[in-house]
Amino acid sequence: RRCPRGLRLPRGARASWAGVTAFPPRRYLLYASGDFVKVHSVNTEETLGLLCGHADLVTGIQLNPHNHMQLYSSSLDGTIKLWDFMDGIPIKTFTVGSKLLALYTLASVEDSVFVVIPKMGERDTFQLVSVKLTKGAGQDLEGKELSVVLDGVGASPKQIAFGREDSYVVSVKDVNLQVYFFKQKLLNRFSLSTAKTKGGDNRFSCVVCHPKEDCIATGHADGKIRLWRNFHHKKAYTYSALHWHHDIVMDLAYSLEGTRLLSGGVESVLVQWHNESSCQKDFLPRLGSPIECISMSSDGVLCCTLHTDNRITIINSNLRFSRSIQGLIKSRDVKTGLVVDPRTKALVLNGEPGHLQFYSLQSDQQLFSLDIVQRQYIHQAGLKQSDLVKVAFSARGTWLATVEESEEVADPELQLKLWFYSEETQSFALNTRINTPHDNHITDMCFRDMDELGDDSLILVTTGRDCVFKVWVMVGDSDPEAHQSVSWSCDFVGSYHNYQATNCCFSEDGSLLAVSFEETVTVWDSLTWDLKCTFCHPPGNIRNICFGRLTCSKYLIGATDYGFLCCWNLLTCALEWSAHLNVVVLQPDPLSEHIAAVSWLSKESSLFVFKPSEPWPVYIQRNLCKEKILLAAFVPRDEPEMISSEKYLWLRKSQLFFLTDTQELMTLSTKSLEERLTPSSKQLAVEESLPVTPFSVLLGKHRRQQAQEDTDLGKPVVHNRQEQASPAVKELLHTPAHVLPSASFLCTIFINSLLISKENKSAEEVADEVEMESEKAEDESDEEDVTAMEQEDTSPMELLGEMTCKLSKSQEKELRKIRKMDYSWLSAF
Amino acid sequence: MAASPCAFSPRGCRLFASAGPDGRLRVWDTAGSRLQHEYVPSAHLSAACTCLAWAPAGARQPPSKDGPQRKKRKSEVGGEVDTQLDILAIGTAVGSILLYSTVKGELQSKLDGGHDSRVNCVRWHQESCCLYSCSDDKHIVEWNTQTCKVKCKWKGDNSSVTCLCISPDGKMLLSAGRTIKLWDLETKEVYRHFTGHATSVSSLMFTTVKPTNESKPFDGITGLYFLSGAIHDRLLSVWQIRSDRKEKNAVMSFTVTDEPTFVDLTVSEVKEEPVKLAVVCRDGQLHLFEHILNGYCKKPLTSNCTVQIATPGDGDSTPKPVPILAAAFCTDKQSLLLVYGNSLQPIIEKVSLNTSESHICLVRDIQKVLSLKTDAAVTKVKTPVVNSDAKVLVPGIPGHSTAVKTPALGKEKKKNKRKPGETEESIEERLGALDIDVSKVKTPGGLPQTDSFAVLLVQGLESNDAEILNKVLNTRKENIVKNTVARMPIHAVIPLLHELTKRLQGNPYSASLMVRWLKSVFTVHASYLSTLPDLIPQLGMLYQLMESRVKTLQKLSRLHGRLFILVTQVAASQTVQDVPEVNQTAKLVYEDESSEEEGSDDEMIADKDSDENWDEDEEKEEQSDEQDMTVEKEINGDSDLEPENESEEE
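Bear in mind the structure is a predicted one, so any value in this text is a computation, not a measurement.

1. Remarks on the overall build of chain A
So, step 1. The secondary structure content of chain A amounts to eight helices and 56 strands.
So, step 2. The buried share of chain A, reckoned over its 829 residues, is 55%.
So, step 3. Summing over all exposed atoms, chain A offers an accessible surface of approximately 36,600 Å²; the carbon and sulfur share of this is 51%.

2. Observations regarding the packing of aromatic side chains
So, step 1. By the definition in use, this model includes 43 aromatic pairs over all chains.
So, step 2. Here Phe254 of chain B and Phe289 of chain B contribute two aromatic rings whose centre-to-centre distance is 4.7 Å and whose plane-to-plane angle is 45 degrees, an arrangement assigned as tilted. Of this pair, Phe254 of chain B sits in strand E20 (residues 252–255) while Phe289 of chain B sits in strand E23 (residues 286–291), and the two are 35 residues apart along the sequence.
So, step 3. Taking the relative accessible area as the measure of exposure, Phe289 of chain B reaches 3% and is therefore buried.
So, step 4. Through pairs of rings, three or more aromatic residues link up here, namely Phe469, Phe492, Tyr496, Tyr499, Phe517, Trp524 and Trp529 of chain A.
So, step 5. One cation-aromatic arrangement involves Arg343 of chain A over Tyr421 of chain A; the distance from NZ or CZ to the ring centre is 3.5 Å.

3. A few points about unusual backbone geometry
All names here are of chain A.
So, step 1. The residue Lys185 is not glycine, and still its phi comes out positive at about 55 degrees.
So, step 2. Within the element layout of this structure, Lys185 appears in the loop between strand E16 (176–181) and strand E17 (186–191).
So, step 3. Positive phi, normally seen in glycine, also occurs at Trp529, with a value near 55 degrees.
So, step 4. On the secondary structure map, Trp529 appears in the loop between strand E44 (520–525) and strand E45 (531–536).
So, step 5. For Trp529, a relative accessible area of 0% puts it in the buried group.

4. A few points about the side chain of Ser526 of chain A
Residue and element names in this part refer to chain A.
So, step 1. Within the secondary structure, Ser526 is located in the loop between E44 and E45.
So, step 2. With relative accessibility at 2%, the residue Ser526 sits in the buried group.
So, step 3. Polar contacts involving the side chain of Ser526 include one to the main-chain carbonyl oxygen of Gly510, which spans 2.7 Å.

5. Structural notes on the pairing of strand E52 (residues 604–610) of chain A
Residues and elements named next belong to chain A.
So, step 1. A large share of E52 lies buried, amounting to six of its seven residues.
So, step 2. Bridging between strand E51 (residues 595–601) and E52 involves seven bridges; their strand directions are antiparallel. Note that in E52 the partner of Ser599 across the bridge is Ser606.
So, step 3. Pairing between E52 and strand E53 (residues 619–625): four bridges, direction antiparallel. Of the residues in E53, the one forming a bridge with Val609 is Tyr619.

6. Topic: the packing of helix H7 (residues 493–504) of chain B against helix H8 (residues 508–531) of chain B
For any two helices packed against each other, the geometry is given by the interaxial angle and the distance between the axes.
Residues and elements named next belong to chain B.
So, step 1. Look at H7 against H8: their axes get within 10 Å of each other, and the N-to-C directions meet at 155 degrees. In terms of their interaxial angle, H7 and H8 are classed as roughly antiparallel. Crossing of H7 over H8 shows left-handed handedness. Listed contacts from H8 to Val493, Ile494, Leu496, Leu497, Leu500, Arg503 and Leu504 of H7 are Ser510, Ala511, Met514, Val515, Trp517, Leu518, Val521, Phe522, His525, Tyr528 and Leu529.

7. Re the pairing of strand E54 (residues 629–636) of chain A
Residue and element names in this part refer to chain A.
So, step 1. Counting buried positions over the eight residues of E54 gives seven, a clear majority of the element.
So, step 2. Pairing of E54 with strand E55 (residues 654–660), which is carried by seven bridges, proceeds in the antiparallel orientation. Opposite Leu631, over in E55, you have Leu659 as the bridge partner.

8. Let's talk about the environment of Leu535 of chain B
Residue and element names in this part refer to chain B.
So, step 1. Positionally, Leu535 belongs in helix H9 (residues 535–551).
So, step 2. The class for Leu535 is buried, based on a relative accessible area of 8%.
So, step 3. With 41 residues separating them along the chain, Leu535 and Ile494 place their C-alpha atoms 9.6 Å apart.

9. Some details on H9 of chain B
Residue and element names in this part refer to chain B.
So, step 1. Taking 1.5 Å per residue as the helical rise, H9 with its 17 residues ought to reach 24 Å, and the 23 Å between its terminal C-alpha atoms agrees with that figure.
So, step 2. Where H9 bends most, the angle comes to about 40 degrees, and this point is Met541.
So, step 3. Along H9, the residues classified as buried are Leu535, Leu539, Gly540, Leu542, Gln544, Leu545, Met546 and Ser548.

10. Describing the sheet that holds strand E35 (residues 399–406) of chain A
So, step 1. Taking strand neighbours across the sheet as the criterion, the five strands line up as E34(A)-E35(A)-E36(A)-E37(A)-E31(B) in an open arrangement whose pairing is mixed. Each end of this open sheet is capped by a strand with a single partner; those strands are strand E34 (386–393) of chain A together with strand E31 (391–393) of chain B. Ignoring strand direction, the axes of neighbouring strands in this sheet form an average angle of 25 degrees.
So, step 2. Sheet topology places strand E36 (residues 414–422) of chain A next to strand E37 (residues 427–435) of chain A; eight bridges connect them, and they run antiparallel. Considered in E37 of chain A, the bridge of Leu418 of chain A is made with Thr432 of chain A.

11. Looking at helix H4 (residues 743–754) of chain A
Residue and element names in this part refer to chain A.
So, step 1. Taking 1.5 Å as the rise per residue, H4 with 12 residues should run 16 Å; its terminal C-alpha atoms sit 16 Å apart, in good agreement.
So, step 2. Every buried residue of H4 is accounted for by Leu746, Ile749 and Ser753. Taken end-on, H4 shows its buried residues confined to a sector of 60 degrees, consistent with a single buried face. Structural note: H4 exposes Ser744 and Thr748 on the side pointing more than 90 degrees away from its buried face.

12. Let's talk about the environment of Phe321 of chain A
All names here are of chain A.
So, step 1. Tracing the sequence through the fold places Phe321 in strand E29 (residues 321–326).
So, step 2. Using a relative accessible area of 23% as the deciding quantity, one classes Phe321 as partly exposed.
So, step 3. As a C-alpha pair, Phe321 and Cys304 span 17 residues in sequence and 9.6 Å in three-dimensional space.

13. Structural notes on the domain arrangement of chain A
All names here are of chain A.
So, step 1. Taken domain by domain, chain A consists of domain 1 (1–155), domain 2 (158–327) and domain 3 (339–376 + 385–670).
So, step 2. The distance between the C-alpha centroids of domain 2 and domain 3 comes to 46 Å.
So, step 3. In this assembly, five residues from domain 2 lie in contact with four residues from domain 3.
So, step 4. Taking both sides of the interface into account, the surface hidden between domain 2 and domain 3 amounts to around 400 Å²; carbon and sulfur atoms contribute 35%.
So, step 5. Looking only at domain 2, the three residues that lose the most surface to domain 3 are Arg286, Gln326 and Gly327, adding up to 70% of its buried area.
So, step 6. Inspection of the region where domain 2 meets domain 3 yields zero salt bridges.
So, step 7. Here domain 2 is connected to domain 3 by zero residue pairs in polar contact (both at pLDDT 80 or more).
So, step 8. Here the residues of the side of domain 2 that touches domain 3 are counted per class, giving no nonpolar, three polar and two charged.

14. Looking at the sheet that holds E51 of chain A
All names here are of chain A.
So, step 1. Strand order in this open sheet of four strands is E50-E51-E52-E53, and the pairing throughout is antiparallel. Sheet topology places strand E50 (583–588) and E53 at the edges, where each strand pairs with a single neighbour. The average angle at which neighbouring strand axes cross in this sheet is 20 degrees, direction not considered.

15. Regarding the UniProt feature "repeat: WD" (unreviewed entry) in chain A
So, step 1. Summarizing the sequence annotation, UniProt attributes the feature "repeat: WD" (unreviewed entry) to residues 51–93 of chain A in the numbering used throughout.
So, step 2. Helix and strand shares over residues 51–93 of chain A are 0% and 58% respectively, and the end C-alpha atoms of the span are 13 Å apart.

16. Observations concerning the pattern of salt bridges
Residue and element names in this part refer to chain A.
So, step 1. Counted according to the given criterion, the structure contains 23 salt bridges over all chains.
So, step 2. Taking the shortest distance from any N to any O, the salt bridge between Arg203 and Asp201 comes out at 2.7 Å.
So, step 3. For Arg203, a relative accessible area of 36% translates into the label partly exposed.
So, step 4. A salt bridge links Arg543 to Asp561; its shortest N-O distance comes to 3.0 Å. With Arg543 in strand E46 (residues 542–547) and Asp561 in the loop between strand E47 (555–560) and strand E48 (564–569), this residue pair connects regions lying 18 residues apart in the sequence.
So, step 5. Among the residues examined, Asp561 registers a relative accessible area of 35% and is labelled partly exposed.

17. Quick look at a nonpolar patch on the surface
So, step 1. Taken together, the side chains of Leu556, Leu559, Leu563, Leu566 and Val567 of chain B define a hydrophobic patch exposed on the protein surface, amounting to about 490 Å² of accessible area.
So, step 2. With respect to the secondary-structure elements, Leu556 of chain B resides in helix H10 (residues 553–578).

18. Quick notes on the confidence of the model for chain A
Residues and elements named next belong to chain A.
So, step 1. When pLDDT is averaged along chain A, the result is 78; 79% of the residues meet or exceed 70.
So, step 2. In this model, residues 1–20 is a region of pLDDT below 50 whose contacts with residues beyond four sequence positions or in other chains number 68 contacts.
So, step 3. Between residues 713–724, whose pLDDT stays under 50, and residues either more than four places distant or in other chains, the model counts 33 contacts.

Scoring rules and cut-offs
- Residues numbered from 1 in each chain as written.
- Chains lettered and ligands numbered in written order.
- Predicted model: local features only at pLDDT ≥ 70, side-chain atom pairs only at ≥ 80, totals over all residues.
- Heavy atoms only, no water.
- Helix = DSSP H or I, 4+ residues; strand = E, 2+ residues; numbered from the N terminus.
- Buried < 20%, exposed > 50% of the residue type's maximum accessible area, 1.4 Å probe, protein only.
- Areas by Shrake-Rupley, 256 points an atom, 1.4 Å probe, with all protein chains shown as cover.
- Phe/Tyr/Trp six-rings, centres within 6.5 Å; stacked < 30°, edge-to-face > 60°.
- Lys NZ or Arg CZ within 6 Å of the ring centre and 35° of its normal.
- Polar contact = N/O pair within 3.5 Å; in protein donor to acceptor, adjacent residues only side chain to side chain.
- Pairing = 2+ DSSP bridges.
- Axes fitted to C-alpha atoms, helices over the stretch in contact; angles between N-to-C directions.
- Parallel < 35°, antiparallel > 145°, perpendicular 65-115°, else oblique.
- Left-handed = near helix turned anticlockwise from the far one by under 90°.
- Contact = heavy atoms within 4.5 Å.
- Expected span 1.5 Å × (residues − 1).
- Bend = angle between axes of the 7 residues up to and from the residue.
- Arc of directions from axis to C-beta.
- Domains from an automatic or database assignment.
- Buried area = accessible area lost by both parts, 1.4 Å probe.
- Salt bridge = Lys/Arg side-chain N within 4 Å of Asp/Glu carboxyl O.
- Nonpolar A, V, L, I, M, F, W, Y, C, P; charged D, E, K, R; others polar.
- UniProt positions renumbered as here; feature names shortened; annotations may be inferred.
- Patch = residues over 30% accessible without salt bridge, like charges linked within 9 Å, V, L, I, M, F, W, Y side chains within 5 Å.
- pLDDT = per-residue confidence, 0-100.

Set out below in structure tokens:
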């Protein structure tokens, strides 16, 4: 069963601009995430499916306007794929050839889609082309029939929009707006002045078209929204401006009827404009991070916003926060490193500014984010924000130490906070706050990790660039006014020749503390705080240090800037071995002797796993990934995994996770991709069979009739007309209430009309018919369809008393039955 | 009213489903104790939910003989068996069974037509997609969940059937009304009878997957133990399935404090491994048992550990018990997931308990937990508690820093530094300890003289009397301070310095008074201080305090300078405004020929204007810099005692 070890999928989605989202009628949310398209249930936030098949970033997804169970997706790999997204099956693949940057589908054009491709021979110019989707038998088809619609368009999908009834297309780029009318084959260009006056910036950022009127809304870099009308005329066009955003408008969206316009930007506030007036507007503030994309559901009930921190928020039509789908939050910079919370076994790292995110690796979702800084985040360029830089947990997770600092380089405002996990309230509570614990940036922080000893052995060490390290201990509070029994205070300050302290680390039994000062590693006795010995391996500063564990606890490992990995023996105080390796990350496994070292050399990261007692590695994985790995963490497994292969034995007790500089979280796994995919992503096998309630039968019929009328009006509605409405029910519905006889009188007729004749349909088939959307049902009940339609034709005639002779036997039976019904109440009028 | 049915999702207990008395089904996330979603069945008012069962998760098909065959069949159907794990079977009071998909958040199917009375228990088969249900109508029904049809229906008992359990190998079924019956699932015939419960059985569970004695070949069922609990019964019975049909009594029993409402156990796979049992009772207690099943035991076993939860009961209110609703073992078989509180809004917590204690009481403040939780319900942002009683350390406060110890300074050993602020007992304390009624030193009335000030000060320092010290130290007169310091005995210098240090840390206003005292102490007693051997530890605190205060001096003086400039400028501009404007029209205007160009461009003028403004600003800044300099000088002049201090200490 063992499959070749490969890299796991990036968790929490690559937070690339994840493209368009769409809601098919049954409330699924689709979004592009890296090379995949994910299908989510809106009700439960769970992933229902994963469409994989593209070889590169998916740039656009659009529902097939002619079949709502199908989806088109375009990718940088030059293909357009048509999916059945409920089953996760690719139906067709159209190869276009060049990179596809955006995708648009139109309801009125059946056999082609529109894509944005780079112009041949020119850099950074793009054109909108329509691709004819050939109808072939096979799965892989060519989509080479291109015809250019517009030249010089923007590369972003937000910069093109199609207007009312697909009669025109609008493209914006820089300060130019182009409108192309399909029928008239007319191209109108408008441009705004390029001058940047008083903070004004006329460059376009996005465009949308009003769904019912000839109106274009454009967003601008200075936060203005302009509404263009009368753009059929080159000269007499008009525009009005709405201005609330103080910075660039990232995206706009119209509601289904066009009465509301939604806009969002870096302020992380969703603004809803009513009737295009600037005084009537609603806000949904504090969405956490800048809004990148807004999308409305096809029924207009929900809208969702995509944020820069890798999150989708689902919002009700009345601007109420409904749900959010969140992977790993992308923060600007993961300064805290990857830390494992011993209590929840969650991975802890920087989240939103000032927050710590707790990310559950088992369920692959965010548990919660802890607001440490507790300051309102204000988005403004140049404003100095406070953010978390260091985090440490005590061995059992009862204490949490956090360091926050403002972004100022020269004179950082530092705060060290110690939080106690109160089981009583199930939350962290602040115990001690220390202002300016160091005079310069704090470089490292660690707790003495001792499980078995009591809380009084707890020691926290911080190292700073102010050339000292400080030891903090818990003391009983002598002040009688204090409410808490313990607080933290400084116990010892150490320095070494006025070098900057860079790293610190406790040995496994807590008796020794290693602190690195630039080129030197110093080892201190943690009881008396005496300097025991020093090690150095010039030239080059020490980058990482760690102690060996279990049987290798007599070794100290260090990595230097000049690409040396050294192992010192603490008993002999001598260098045991050293290796030439440019180590970026050094991470010991808390449950075994193994230490993982990730090296970075000539644009590839390699992984080496070794025991300090042996100079040769246990496991080598060259070319782990192309990105630079910044951080790594061993996460203990709940139960040791059964691994038979000797090579991977080191993965038995814990799992290794990496974070790259593009903030993708990766892990090494022994299982193949299919096994790893969460089972919930697989399809559910149980067939749906829901009994039909009388109400839904009634309503279903009514709806179908309406839809039929709609088709007569020319709207394409895909469904089948199935059973005829019973004349009794029809009468019941159409007769005004005040002339109806009493309910008890109608009851028998109503019940009779609902009884299903045995030879006609079984209960299951009825259920099938209710499933209007399902194509299968359509196929299966095709035959019945025919009879049903015929019946429909006859029944009104029957009511009028005009008998036709050309009836099949079954229809005659039906008629006879109807005739037996009591219509005496009808004679009343 | 029976306890509301609830169930943990299999494999890791990621979700917890509970059906409330209001007929709603709620699914909770156990990790964050967060409401995942809520489902209201259309008939929730008429047909209350009576039982719940999660479809078996990841019931990976063992590579059995009929593997490929089965696979083929499945591919025809278009799915795999182990994909139904997210389905929750819900039995209702009217006899229908709902299959609810927790992933999609919608009803998957409705199984109708099997029962015409209350469904008492539903159980999934581990491997095939069969569902078994039993009801008050005395029947047991086997369902095919793929087609949603009844596969088989047979009469299970003469009274209502209340509980079901499928054997570990999936070939047998236990059913229970009053008596427990073991059915062969292929033939649907009774294989064994077990009698012993007086009331109807409410829970059935297999505790072992393999027989404990491996002497005989294992036929899949013989030798296994199972557990049963009944309503209104404080005993849980353990039964063994034996090859001989004689023995029909329970093998052993566990006793608990009340009727069991929720039972979870870790199945022992190895002979030596004890079965761990967690039983939640109606009275809200949790009992943990640990026992190696091996034959008979006459006496009912009592629990190894009882867990209770109570509110803290601050102040006057007495602690109230919080009922535990459910408990489950985590995958590591050590820690427990506890569900407690209100069934409509339970709190789910993972605890690892020390089971060696026989009674554990966990203190939980339910109100606070819930109020903290509601904030995080949607946004997932938790705000940790920040109370005013959190200790704040700023530079200068004891405990913020200690003297820097460089390894070059030699290795002095200190005995214990964990308790700062260890001071010698004052005379007052000593006297208090002697329990002698001491009349306080009477303060002489009238204006104090400086010689009496010195006496007072010494007395105050010795008795640690704040009143006297306040009186003495709050003097403003410079020469009184000087004289007092000069006349005070030399042994009081160090206590005075400590007292001054303490006061310096407090109110900045009093600090300014203390600085005078400090200054005179250092000027008068410098020679004495320099003779002290332990000067550095004695005055370390004071030194750090000064260091940190002086460090911010530059910034402060700069700010002071800027503010000063600003204020004076504002004042100046006001006085300028008050002066009547001078007529500034030119007396003579000479027009140059080239002036036309400039006049035409408005913007240029504007630019020029702004440029001029800038110039002014710069001038101002220059001025302010100058001011800064002077201010700094002033401050330096004021604070000339600091260099002194430092020199003293060195």
